[in-house]
Amino acid sequence: MAILCGAVLWLLRLLRLGPRASVVLTGVALVGFVVLARPSPSVLRAAVMGAIALLALLVGRRRSAVPALAVAVLGLLLVDPELGVEPGFALSVLATAGLVVLAPRWAAALRRRRVPAGVAEAITVPAAAHVVTAPVVAALAGNISLVAIVANLLAAPAVAPATVLGVLAAAFATVHAGAAELVVRLAGPAVQWLVTVGDRAAAIPNATVGWPGGAGGGLLLAAVTAAGLGLMRLHRVRTLAAAGCLGALLVLVPTRFAPPGWPVGGWAMVACDVGQGDALVLAAGGGADRAVVVDTGPDPGPVAGCLDRLGVRRVPVLVLSHLHADHIGGLAGVLAGRSVGAVAIGPLRAPPWAYDQVRRLTTRAGVPLVDLRAGQRLSWPALTIEVLGPASTPDASPTDDGTPVNDASLVLRAQTPAGRVLLTGDIELAGQAALLAAGADLSADVLKLPHHGSRFSSPRFLAAVRPRLAIVSVGSGNRYGHPNGEVLDALRGAGAKVMRTDEHGDVAVAGTRDVPLVIGRRSPVSAPGRRGRRPPWGRPWPWVRPGRRRRPAS
């Protein structure tokens, strides 16, 4: 809000408009931005503060951020008391308080130690915001970020141009589409930098550390932070802290954050840690950079990072088992920067919006979209894939995003140097029963557990597969209760080893059929407290109002 209002005021000054006209027009821009960005709690807080600042300019009073923040908070809580339990509102207020109370003092202290003024402000602004918001984040998510300060420091230069040009593009779009597109292109580099910083920061292994969640954990971190800030005023403590940080950099970074030996030599299959979704990679032979990909997870970043770590640059075929968001959401991440021969889908093209999205992305990338049916066979030097299912295509209405789509998943049996692998998509009880009724040979050394290990796996189906290794592709602390404990116990009771991406990260299978080698590698999505983590007290966030939660498609 400050960036936008500042830009408008600067422009009006160039046009030599008087103070009253400038304040009024800036107020109009402020209201327009609230409408454009939608009145979320943080936007409302910033808008009220901006309106108070404009009023101070109009009446010629000395501006003070702390009284403006206090009035904004109290006024909004009087109008809408429910804002008091909105995490976005709390984080916004705390971050602003940190910027106006702590950051100036810390910057002054650094300047006294001969740190250049611009550098001092650049360091203290994200540090102050992070320190005061960390207890709330810990209470919400049960983790503490180790990279937030550096990420915000790197992102800061792009925020102003992205904000101003983005608002201009939205305004021009109502008048002239060509002008809006030009402004969007000008904003592109700044926005891309923000996206890159976010992706790279999230891809750092162990970017967060676990912390007790809930109100108790938040209060504990607040107390620890306050005590630490007090002790940091002592010269000896600052010296010890600097030495400790240096030691951590020298010892932990080489040993913990840069695990050696990845990718595993001779890997045949890798289950990528993409959160609550599936993304599997099968070595095809004909070059270490060549592999078949089955599903792409919910987002482009994690699957692209997994393929980059494996060095995969050529994908002869990308198979989408079915068209749910947690299996196709990362499609753009596979298509970008890689040679993809074709994208294959099953017989059911539902839900329609997902099929349209897949068709649009493949058309844009110039990659053919082909069909796979039961009975087809695909071969490469080190890999053979047989399509076992769906044995029959379930009926699904155009708006059905549930079980019929899951049961229409492509089921693949892959023959690899490490043994036979069964990839099951999200098939549930009906789909499993259809495969058993069709008499398909389901036995496999490695089973990708259906539907992220949900309870909808029949004992007959698991007994027919008899895997030595079961891999669960699942997100940490997801709201669906995946994987089901009884299903995992049944597998372990039958002698299968269970590996989970939320606990082990990327899971690689290598070696030979007789002696398969299983290696787990922690990757950032599975780190404690990442997306999908359940509150430690085992119930939904108390800040979420009834009726606002929506269950995703799968």
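Residues numbered from 1 in each chain as written. Predicted model: local features only at pLDDT ≥ 70, side-chain atom pairs only at ≥ 80, totals over all residues. Heavy atoms only, no water.

With that out of the way, let us pick up the overall build of the protein. Scanning the protein from terminus to terminus reveals 19 helices and 19 strands. Relative to its full complement of 554 residues, the protein shows a buried share of 42%. If you take every contact in the protein between residues at least 6 apart in sequence, the share linking residues at least 24 apart comes to 67%. Per element, the accessible surface of the protein, about 27,000 Å² overall, is 64% carbon and sulfur. (Helix = DSSP H or I, 4+ residues; strand = E, 2+ residues; numbered from the N terminus. Buried < 20%, exposed > 50% of the residue type's maximum accessible area, 1.4 Å probe, protein only. Contact = heavy atoms within 4.5 Å. Areas by Shrake-Rupley, 256 points an atom, 1.4 Å probe, with all protein chains shown as cover.)

The next subject is unusual backbone geometry. In this structure, Pro351 follows Ala350 across a cis peptide bond, with omega equal to 0 degrees. With respect to the secondary-structure elements, Pro351 resides in the loop between strand 9 (343-345) and helix 14 (352-365). A positive phi is found at His452, a non-glycine position, where the angle reads about 60 degrees. Looking at where His452 falls in the secondary structure, it is placed in the loop between strand 15 (446-448) and helix 17 (459-465). Residue His452 is classed as buried on the basis of its relative accessible area, which comes to 1%. Despite not being glycine, Arg466 has its phi angle at roughly 50 degrees, a positive value. Locating Arg466 in the fold gives a position in the loop between helix 17 and strand 16 (469-472).

This part is about helix 8 (residues 177-202). Along helix 8, the sharpest kink reaches roughly 45 degrees, centred on Gly188 and followed within four residues by the proline Pro189. Residues of helix 8 that are buried include every one of Ala180, Val183, Ala187, Ala190, Val197 and Ala201, and no others. Here the buried face of helix 8 lies against helix 7 (148-173). (Bend = angle between axes of the 7 residues up to and from the residue.)

Counting 34 residues, the largest nonpolar core has Trp267, Val270, Val281, Leu318 and Val343 as the members making the most contacts within it. Those residues in contact with Val270 that sit more than four places away from it in its chain are Trp262, Ala279, Leu280, Val281, Cys306, Leu310, Asp506, Val507 and Ala508. Residues Ala284, Val319, Leu410 and Ile471 belong to the second largest nonpolar core, which totals 28 residues. (Core = buried A, V, L, I, M, F, W, Y, C linked by side-chain atoms within 4.5 Å.)

Once that is clear, we can look at the sheet that holds strand 14 (residues 419-423). One open sheet accounts for 7 strands, arranged 11-12-13-14-15-16-17; its pairing is mixed. Looking along the sheet, the strands with just one partner apiece sit at the ends: strand 11 (377-380) and strand 17 (497-500). Sheet twist, expressed as the mean angle between neighbouring strand axes with direction ignored, is 20 degrees. Here strand 13 (residues 411-416) pairs with strand 14 via 5 bridges, running antiparallel. Bridging across to strand 14, Thr416 finds its partner in Gly419. (Pairing = 2+ DSSP bridges. Axes fitted to C-alpha atoms, helices over the stretch in contact; angles between N-to-C directions.)

What follows deals with the pattern of salt bridges. Two side chains carrying opposite charge are able to pair once their charged atoms lie near each other. All told, the structure shown has 17 salt bridges when counted by the stated rule. Between Arg338 and Asp308 there is a salt bridge, and its shortest N-O distance comes to 3.0 Å. Linking Arg338 in the loop between helix 13 (331-335) and strand 8 (339-340) with Asp308 in helix 11 (residues 300-310), this pair joins segments that are 30 residues apart in sequence. Ionic contacts of the salt-bridge type, sharing partners, join the residues Asp308, Arg313 and Arg338 into one network. (Salt bridge = Lys/Arg side-chain N within 4 Å of Asp/Glu carboxyl O.)

It is worth spelling out the confidence of the model for the protein at this point. Detailed reading of the predicted coordinates is not advisable wherever pLDDT falls low. Averaged over all residues, the pLDDT of the protein equals 83, while 87% of them reach at least 70. Across residues 255-259 the pLDDT falls below 50, and counting only partners more than four positions away or on other chains, this stretch makes 6 contacts in the model. The low-confidence segment residues 524-554 (pLDDT under 50) makes 78 contacts with residues lying over four places distant or belonging to another chain. (pLDDT = per-residue confidence, 0-100.)

Below, the discussion takes up the state of the cysteines. Summed over all chains, the structure comprises 1 disulfide. Disulfide partner of Cys272: Cys306, at an S-S distance of 2.1 Å. Between Cys272 and Cys306, the S-S torsion sits near -70 degrees, and that sign places the bridge as left-handed. Of this pair, Cys272 sits in the loop between strand 3 (267-271) and strand 4 (280-283) while Cys306 sits in helix 11, placing them 34 residues apart in sequence. The same class applies to Cys272 as to Cys306, namely buried. (Disulfide = S-S within 2.5 Å.)

What follows deals with the environment of Ala354. Of note, Ala354 is situated in helix 14. Overall, the relative accessible area of 0% leaves Ala354 in the buried class. Between the C-alpha atoms of Ala354 and Leu323, which are 31 residues apart in sequence, the distance is 5.9 Å. Apart from residues lying up to four places away in sequence, Ala354 is in contact with Leu323 and Ile328.

The next point concerns the packing of helix 5 (residues 87-112) against helix 6 (residues 117-141). At a minimum axis distance of 7 Å, the contact between helix 5 and helix 6 shows a crossing angle of 145 degrees. Crossing of helix 5 over helix 6 shows right-handed handedness. Residues that form the contact of helix 5 with helix 6 fall into these classes: 21 nonpolar, 3 polar and 2 charged. (Left-handed = near helix turned anticlockwise from the far one by under 90°. Nonpolar A, V, L, I, M, F, W, Y, C, P; charged D, E, K, R; others polar.)

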